[in-house]
Amino acid sequence: MTRANFSEFVLGAMPGTKAEIVTRSGVSQASVLKWVGQLHAARKIYITNWKPHPRAGAAMAVYAVGDLPDAPCKLKHLTKRQIRLRFEAKAKLDGRWDSMQARWRSKYWIRKAKAVGDPLVAALFGAARAQEARP
């Protein structure tokens, strides 16, 4: 196949997001991403609207054939607090939350505990200097 055929496959699979174009066209994701970028830069395709990501992530552009101006993205971004609360809710539903908290607690107490020097190492090499000791 030639390069022109790939662009025709990409154009034939529109309108849709990049992921939808990959599944409809049968062309690899890398080729679709390259061709969408080139066709958009050449003003052969444009962004009709934006979709929120189905799980979590950046908004997805919906492309269509034409040379109209791109639609602005009007989707609201989640705050860091909303992202954290959504993550905690999903972790509690999955049952991962308790194991994650246990791991965080153990790491906290390991860091909090003072480093206890080994008496044999101190006898061989001397006591730890202030700059080498952990706070």
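Student: How should the packing of aromatic side chains be read in this particular structure?
Tutor: Centre-to-centre distance and the angle between the planes together describe a pair of aromatic rings. Counted under the stated rule, the structure contains two aromatic pairs. A centroid spacing of 5.6 Å and a plane angle of 85 degrees characterise the contact between tryptophan 97 and tryptophan 104, whose relative ring orientation is edge-to-face. What makes tryptophan 97 buried here is its relative accessible area of 13%. For the ring pair tyrosine 108 and tryptophan 109, a centre distance of 5.0 Å and an interplane angle of 80 degrees mean the geometry is edge-to-face.

Student: Which parts of the structure should I look at to understand the nonpolar core?
Tutor: Across soluble globular proteins, nonpolar side chains have a tendency to be buried as a group. Counting 13 residues, the largest nonpolar core has Val10, Met14, Ile21, Val32, Val36, Ile45 and Tyr63 as the members making the most contacts within it. The set of elements that each furnish at least two residues to this core consists of helix 3 (29-41), strand 1 (45-51) and strand 2 (60-65). With four residues, helix 3 is the largest single contributor of residues to this core. Ignoring anything within four residues of it in the chain, the contact list for valine 36 reads Val10, Lys18, Ile21, Ile45 and Tyr63.

Student: In this structure, what is going on with the environment of alanine 58? I would like to understand it.
Tutor: Note that alanine 58 resides in the loop between strand 1 and strand 2. In sequence terms alanine 58 and leucine 75 are 17 residues apart; their C-alpha atoms lie 9.8 Å from each other.

Student: What exactly am I supposed to notice about the pattern of salt bridges here?
Tutor: Side-chain pairs of opposite charge can arise whenever the charged atoms involved come near each other. Under the criterion given, the structure shown has five salt bridges. Note that arginine 43 is salt-bridged to aspartate 70, the shortest N-O span being 3.8 Å. Taken together, the positions of arginine 43 in the loop between helix 3 and strand 1 and aspartate 70 in the loop between strand 2 and helix 4 (80-94) put the pair 27 residues apart, joining distant regions of the chain. The class for arginine 43 is partly exposed, based on a relative accessible area of 34%. The residue aspartate 94 makes a salt bridge to arginine 96 at a minimum N-O spacing of 3.3 Å. When its relative accessible area of 54% is taken as the criterion, aspartate 94 is described as exposed. According to the relative accessible area criterion, arginine 96 is partly exposed, its value standing at 35%. Where salt bridges share partners, they join Glu20, Arg24 and Lys51 into one cluster.

Rules behind the numbers
Residues numbered from 1 in each chain as written. Predicted model: local features only at pLDDT ≥ 70, side-chain atom pairs only at ≥ 80, totals over all residues. Heavy atoms only, no water. Phe/Tyr/Trp six-rings, centres within 6.5 Å; stacked < 30°, edge-to-face > 60°. Buried < 20%, exposed > 50% of the residue type's maximum accessible area, 1.4 Å probe, protein only. Core = buried A, V, L, I, M, F, W, Y, C linked by side-chain atoms within 4.5 Å. Helix = DSSP H or I, 4+ residues; strand = E, 2+ residues; numbered from the N terminus. Contact = heavy atoms within 4.5 Å. Salt bridge = Lys/Arg side-chain N within 4 Å of Asp/Glu carboxyl O.

Coordinates in, geometry out; function isn't part of it.
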